[in-house]
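# Structural overview
Chain by chain, the residues run as shown.
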Amino acid sequence: MMKADVSEILVAREVSKTYFDPTFGENVHALDGISLSIRAHEFVSVIGPSGCGKSTFLRIVAGLDRPTGGEIRVSGNKVTGPGADRGMVFQEYALLPWKTTQANVEFGLRLKGVSRKERARISRRFIELVGLSGFENKYPHQLSGGMRQRAAVARVLANNPTVLLMDEPFAAVDAMTRQRLQEELTVITATERTTVLFVTHAIDEAVFLSDRVIALSGRPGRIVADVDIDLPRPRQWSELVRDPRFQHYRDLLTAKIERTGAHVEAHP
Amino acid sequence: MTTTLARARWTPLGMTWKLARELFPFAVGVIAWQLLSSLNIWPPVLFPSPLEVLRAFIADVGSGTLLVNLGVSLKSLGLGFLVGAVIAVPLGYLMGLNRASRDFFDPLVNLLQAIPGLAWIPFAILWFGLGQGAVTFIIVMSVFFPVLHNLLTGIRTVQPVLIEAVQTLGARRMDVITHVIFPATLPNLMTGVRLGIAFGFRSLVGGEMIASTDGIGYAIFNAQQYFQSARIVVGMLAIGITWLIMDRFILRPIELRTTMRWGLMRDGLENT
Ligand SMILES: Nc1ncnc2c1ncn2[C@@H]1O[C@H](COP(=O)(O)OP(=O)(O)OP(=O)(O)O)[C@@H](O)[C@H]1O
Ligand SMILES: [Mg+2]
């Protein structure tokens, strides 16, 4: 195999996944030969129609699912299971209900054996970064949906993962909150220089957030487009929606996906 | 709950009002009972009046028999519960977390849980003789299954996404067990404990009637032998009231503290 470029933090090689569905006794071919590589500090989104295997791909990267073919390497190491280098933000927030915001954010650090004082310092920084100062001692059920997702983002960022994985993290919040969270996320990942792999089925969201958008076809998911998004940062919805380049990327990706015969939402 | 309501509860007026509301159903019950017995349809031995029961209660408290019997019963209950839970809780986590032990124990547990605690009375007497040993054994058998069953349900219903989330934060198997499985199953465990004690209470009285020579159940049985109907009722009420006090001041607060603080059960329990 070719020596991997050191700046290529995440490399997927011919990743395939076939599920066996016991109720129908048939195989579901979810992913087909996905190869891609992501460089350090890159924000990459994966889009595609519902059921094309986006979540499956992300879960394989996270080590929560096994591929039936191919492999994933992160910093050169083959992925064999979940690990702190690949922190994931889920659509369902997945905060621990019995821990306060601060305890949730400090959780990964605690597992690593970071001292209490150091944990408090780091968590304070990330809680502030996601705009949750003052809510350190609240439990998740005392937070709104948007606040919960902020806490979930802070929890993963505080753990300093090599790659931040996000699976439709803003799908469950209202449209206005979503736009604000998207804007905040671009600022946070730019300042933290986070490498992000972001899954969504909303083309607008992908273009808005990303340096690069990868489009998958309908099931089994194959890469049909890999587009660099050359838009200035920081990005703001109020400006971007009027930017012809934004519209160009959106139309381009919509066309690419539609050509595969699958339906996809154009709006977030 | 809003803070205003919570505060109102701590004013003297609020407290009195709450107490009155809680006691009201019991007051209605006693009045209905008194009315029914003053109709004189049945002889007092078949239907003792509240006043007779009160007299019997005062006599039994005065002679100390009520408290002695209650003490004996609670001791069996406590010991039986402890033994039952000490076996059920580790077994529950073992079965819930380990496939092989689940496959092994599941059929056995399933078979045994169909057998009521009281069905063990004959063997309890044969093995332990008449007395609190036999009663304790029956309670163990009654407490064991609700605790185990609720715990297993709790482990089965832990949200997989919580486990996956902490795994991507670096949690290993032991971390998942201590930081996710244990806290997530605590509410079910508390429900199991509460149900276990309730089941234990039932078996306690039945067990003592047949397999013992003291305790509240025996006192009820004994009173019947001498046609002391009022004392039967005293015994029955002693059981009911002891349960209410225990449930109200020990079991519910513990259950509440875990579930409410974590928002696992938003409403329903707070005002009960
Ligand atoms: N555990 C599983 N067992 C069997 N089939 C599965 C399983 N998980 C996913 N699939 C199937 O694999 C395909 C891809 O699923 P996946 O969840 O990755 O899609 P997705 O692109 O994330 O869709 P969405 O946009 O709706 O979230 C689907 O057809 C789904 O039914
Ligand atoms: Mg999905």
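Owing to the predicted nature of the structure, the values given are computational and were not obtained by experimental measurement.

### Focus on the sheet that holds strand S3 (residues 43-47) of chain A
All names here are of chain A. Taken in spatial order, the 6 strands of this open sheet run S6-S7-S8-S3-S9-S10, and their pairing is mixed. Each of the sheet's edge strands pairs with one partner strand only, and the pair in question is strand S6 (86-89) and strand S10 (223-228). With strand direction ignored, the average angle separating the axes of adjacent strands in the sheet is 15°. The pairing of S6 with strand S7 (residues 163-167) spans 4 bridges and is classified as parallel. Bridge pairing in S7 links Arg86 to Val163. Along the sheet, helix H4 (residues 145-158) contacts S6 and S7; its crossing angle with S6, the most-contacted strand, is approximately 180°. Here helix H8 (residues 244-259) sits on the sheet and contacts S3, strand S9 (212-216) and S10; the angle it forms with S10, its principal contact strand, is near 170°.

### Points about the pairing of S9(A)
Residue and element names in this part refer to chain A. Of all 5 residues in S9, 5 are buried, a share of seventy percent or more. Side chains Arg212, Ile214 and Leu216 of S9 all project onto a buried face; the interleaved residues Val213 and Ala215 project onto the opposite face, where all are buried too. In terms of strand pairing, S3 meets S9 through 4 bridges, oriented parallel. Each residue of the ladder has a partner; that of Ser45, found in S9, is Val213. For S9 and S10, the ladder comprises 5 bridges, and the chain directions are antiparallel. Opposite Arg212, over in S10, you have Asp228 as the bridge partner. Counting the residues between successive antiparallel strands, the hairpin from S9 to S10 contains 6 residues.

### Here's the deal with the interface of chain B and chain A
Across the contact, 21 residues belong to chain B and 27 residues belong to chain A. Scanning the region where chain B abuts chain A turns up 1 salt bridge. Residue B:Glu164 is joined to A:Arg59 by a salt bridge in which the shortest nitrogen-to-oxygen separation is 2.8 Å. At the surface where chain B touches chain A, the tally comes to 4 residue pairs in polar contact (both at pLDDT 80 or more). Taken together, the elements giving at least two residues each to the side of chain B that touches chain A come down to helix H8 (160-167), helix H9 (173-211) and helix H11 (229-261) of chain B. In terms of residue count, the dominant contributor to the side of chain B that touches chain A is H8(B) (6 residues). Looking at the side of chain B that touches chain A residue by residue, the class counts come to 12 nonpolar, 5 polar and 4 charged.

### Considerations on the packing of aromatic side chains
Counted under the stated rule, the structure contains 13 aromatic pairs over all chains. An angle of 50° between the planes, with centres 6.1 Å apart, marks the rings of A:Phe170 and A:Phe198 as tilted. In this pair, A:Phe170 sits in the loop between S7 and helix H5 (175-192) while A:Phe198 sits in strand S8 (residues 196-199), placing the two residues 28 residues apart along the sequence. There is no split in this pair, since A:Phe170 and A:Phe198 are both buried. Between the aromatic rings of B:Trp127 and B:Phe137, the centroid separation amounts to 5.6 Å while the plane-to-plane angle is 75°, which identifies the pairing as edge-to-face. Note that B:Trp127 is positioned in helix H6 (residues 121-128) and B:Phe137 in helix H7 (residues 132-156), a separation of 10 residues in sequence. When its relative accessible area of 52% is taken as the criterion, B:Trp127 is described as exposed. Under the relative-accessibility criterion, B:Phe137 is labelled buried at 16%. Each member of the aromatic cluster is reached from another via a ring pair, and the members are B:Trp120, B:Phe123, B:Trp127, B:Phe128 and B:Phe137. The positively charged end of A:Arg125 is found above the aromatic ring belonging to A:Phe126, 4.6 Å away from the centroid.

### Describing the confidence of the model for chain A
Of all residues in chain A, 94% have pLDDT values of 70 or greater, and the mean over the chain is 91. Between residues 264-268 of chain A, whose pLDDT stays under 50, and residues either more than four places distant or in other chains, the model counts 16 contacts.

### Notes on the layout of surface pockets
Residue and element names in this part refer to chain B. The calculated volume of the largest pocket comes to roughly 1,100 Å³. The wall of the largest pocket is formed by 31 residues, among which Leu23, Phe26, Ile241, Leu244 and Ile245 lie closest to the centre. Of all the secondary structure elements, the ones that give two or more residues to the lining of the largest pocket are helix H2 (12-38), helix H3 (50-63), helix H4 (65-97) and H11. Ranked by the residues each element gives to the lining of the largest pocket, the list is headed by H11, at 12 residues. Taken together, the residues of the lining of the largest pocket break down into 22 nonpolar, 3 polar and 6 charged.

### Focus on the site of ligand 1
Residues and elements named next belong to chain A. Close to ligand 1 lie Tyr19, Val28, Ala30, Ser50, Gly51, Cys52, Gly53, Lys54, Ser55, Thr56, Glu168 and Arg219. Across the complex, the protein chains shield 64% of the 640 Å² of accessible surface that ligand 1 would expose by itself. Where the shell around ligand 1 is concerned, the elements lending two or more residues are strand S2 (26-39) and helix H1 (54-62). Counting residues per element, the shell around ligand 1 draws most heavily on H1, at 3 residues. For the shell around ligand 1, the residue count by class is 4 nonpolar, 5 polar and 3 charged.

Conventions we followed
Residues numbered from 1 in each chain as written. Chains lettered and ligands numbered in written order. Predicted model: local features only at pLDDT ≥ 70, side-chain atom pairs only at ≥ 80, totals over all residues. Heavy atoms only, no water. Pairing = 2+ DSSP bridges. Helix = DSSP H or I, 4+ residues; strand = E, 2+ residues; numbered from the N terminus. Axes fitted to C-alpha atoms, helices over the stretch in contact; angles between N-to-C directions. Contact = heavy atoms within 4.5 Å. Buried < 20%, exposed > 50% of the residue type's maximum accessible area, 1.4 Å probe, protein only. Salt bridge = Lys/Arg side-chain N within 4 Å of Asp/Glu carboxyl O. Polar contact = N/O pair within 3.5 Å; in protein donor to acceptor, adjacent residues only side chain to side chain. Nonpolar A, V, L, I, M, F, W, Y, C, P; charged D, E, K, R; others polar. Phe/Tyr/Trp six-rings, centres within 6.5 Å; stacked < 30°, edge-to-face > 60°. Lys NZ or Arg CZ within 6 Å of the ring centre and 35° of its normal. pLDDT = per-residue confidence, 0-100. 1 Å grid on protein atoms, 1.4 Å probe; cavity = no way out; pocket = protein on both sides within 12 Å on 5 of 7 lines; lining within 4 Å. Points joined across faces, edges and corners; volume = space filled by probe spheres on them. Near = heavy atom within 4 Å. Areas by Shrake-Rupley, 256 points an atom, 1.4 Å probe, with all protein chains shown as cover.

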